[in-house]
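Coordinate inspection notes
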Amino acid sequence: MKQIIKTDAKFVRRIKKIPKEISCIFFSSIFLILVIELWLKNIETSIKLFFTIGNIVLNVCYSIIAASIFFFVNQHLPKEKKIVKTSRYITNRMMHFHYEIQSLQSILKLKIRFKLEDLSGKIESCCSQINPNEKIKDTSYSNQSFKNWYDYLEFKTAKFIKYLDDILPFYEGMNNDLLESLLNLKDSVRLIQYKLEENPRNFKDLSYLSKEFENLFENHLKSNKIIRVNYKHYWDESNEILNKENEKRDLEKKDIQSNKNKKLEERLKKDKK
């Protein structure tokens, strides 16, 4: 019974994930078919043009329904399965990215919640108080020391790009919202790198990077929300599959061990004889 409920829940989720444009066209076609077949066809008319137009609309609607079903079976369902398979890898990589972002925020002395805030003032204030030429130590994870903020930011942004480049090749296994969000996130990191490369290292503070930091943190919040909210059920499905595979392996190991024990018992009996 539980298995049937889970299967039904998965099917409902798959339907909900169909692009809105396709769903609207599909249900509009069904509505038009019902109106024409059940009502308009019963109205007598001497004008053949109305009858011809009705048949054309019917044929188009039936074609749309057939195409929608084909899309659902041959494109949408396989794409959803790919997302389930890649969700664990993508979520884990994004978790590491999240830790790195938190480390940067901690060093900048920024406190950013999950929801989007007006970050501009906070970031501007923090950046204006930082001397980019002072030594810095990243005590959060790597515990590395850097000669100045420029070196630290080069190191940090390189790590950001590394995690994003690990994820983006799996674009076929993610939905469009997440792909767009990750591309925007990578663009935010690149803008920081470009500014570090193109500008002389003689600034009194980090205010010249405040806008880039704002874009980075906002895009991270959006990506993180998509992972936490929209990808949770993919993660749950992935865990279900993993648990089933582990159970299957455990049963196979038990069967192998049971066969070994049986053979051992048979040998002992033979030796006793």
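Presented here is a report on the structure given in the accompanying data block. Bear in mind the structure is a predicted one, so any value in this text is a computation, not a measurement. (Residues numbered from 1 in each chain as written. Predicted model: local features only at pLDDT ≥ 70, side-chain atom pairs only at ≥ 80, totals over all residues. Heavy atoms only, no water.)

**Regarding the packing of aromatic side chains**
Cut-off, in case you're wondering: Side-chain rings of Phe, Tyr and Trp (the six-membered ring for Trp) are treated as a pair once their centres are within 6.5 Å; stacked means planes under 30 degrees apart, edge-to-face means over 60, and tilted covers the remaining angles. Runs of H or I in DSSP of at least four residues are treated as helices and runs of E of at least two as strands, each being numbered from the N terminus. Relative accessible area decides the class of each residue, using a 1.4 Å probe on protein chains only: under 20% of the type maximum gives buried, over 50% gives exposed, and in between gives partly exposed. Two conditions define a charge sitting above a ring: the NZ of Lys or the CZ of Arg must be within 6 Å of the ring centre, and it must be within 35 degrees of the ring normal.
Using the criterion set out here, one finds eight aromatic pairs in the structure. Relative to phenylalanine 170, the ring of tyrosine 89 has its centre 5.0 Å away and its plane inclined at 55°; by these criteria the two rings are tilted. You can see tyrosine 89 sitting in helix H3 (residues 48-107) and its partner phenylalanine 170 sitting in the loop between helix H5 (149-167) and helix H6 (176-198), a full 81 residues away along the chain. Under the relative-accessibility criterion, tyrosine 89 is labelled partly exposed at 31%. Each member of the aromatic cluster is reached from another via a ring pair, and the members are Phe146, Trp149, Tyr152 and Phe155. Here arginine 93 stacks its cationic end above the ring of tyrosine 89, 4.9 Å away from the centre of that ring.

**Quick look at the packing of H6 against helix H7 (residues 210-230)**
Threshold: The angle between two axes is taken between their N-to-C directions and runs from 0 to 180 degrees, where each axis is a line fitted to C-alpha atoms and a helix contributes only its stretch in contact. Working rule for angles: under 35 degrees goes down as roughly parallel, over 145 as roughly antiparallel, 65 to 115 as roughly perpendicular, anything else as oblique. Left-handed describes a crossing in which the near helix is turned anticlockwise from the far one by less than a right angle; the clockwise case is right-handed. Two residues qualify as a contact provided that any one of their heavy atoms is within 4.5 Å of a heavy atom in the partner residue. Each residue gets one of three labels, nonpolar for Ala, Val, Leu, Ile, Met, Phe, Trp, Tyr, Cys and Pro, charged for Asp, Glu, Lys and Arg, and polar for the others, Gly among them.
H7 packs onto H6 with a crossing angle of 160° between their chain directions and a minimal axis gap of 9 Å. If you check the angle between H6 and H7, you find them roughly antiparallel. The handedness of the crossing between H6 and H7 is left-handed. When H6 is examined against H7, the residues Asp177, Leu178, Ser181, Leu182, Asn184, Leu185, Ser188, Val189, Leu191, Ile192 and Lys195 are found in contact with a partner set consisting of Glu212, Phe213, Asn215, Leu216, Asn219, His220, Lys222, Ser223, Ile226 and Ile227. Broken down by class, the residue content of the contact of H6 with H7 amounts to 10 nonpolar, seven polar and four charged.

**Details of H3**
For clarity, the cut-off: To estimate how far a helix should reach, multiply one less than its number of residues by 1.5 Å. Two axes enter the definition of the bend at a residue: one is fitted to the seven residues ending there, the other to the seven starting there, and the bend is the angle between them.
Helix length check: H3, at 60 residues, gives a terminal C-alpha distance of 77 Å against a target of 88 Å (1.5 Å per residue), a shortfall beyond 12%. At threonine 86, H3 is bent by approximately 45°, the largest bend along its length. A positive phi of about 60° marks lysine 109, the residue just after H3.

**Digging into the environment of lysine 137**
Topologically, lysine 137 is positioned in strand E1 (residues 136-138). Contact partners of lysine 137, with chain neighbours within four places excluded, come to Ile107, Asn143, Gln144 and Ser145.

**Focus: the pattern of salt bridges**
How we decide: For this document, the term salt bridge refers to a Lys or Arg side-chain nitrogen within 4 Å of an Asp or Glu carboxyl oxygen.
According to the stated counting rule, one finds nine salt bridges in the structure shown. Among the salt bridges present, the one from lysine 186 reaches aspartate 165, with a minimum N-O distance of 2.6 Å. Of this pair, lysine 186 sits in helix H6 while aspartate 165 sits in helix H5, placing them 21 residues apart in sequence. Note that lysine 211 is salt-bridged to glutamate 214, the shortest N-O span being 3.8 Å. Taken together, the residues span about one helical turn, with lysine 211 and glutamate 214 both in helix H7 at a distance of three residues. A relative accessible area of 49% places lysine 211 in the partly exposed class.

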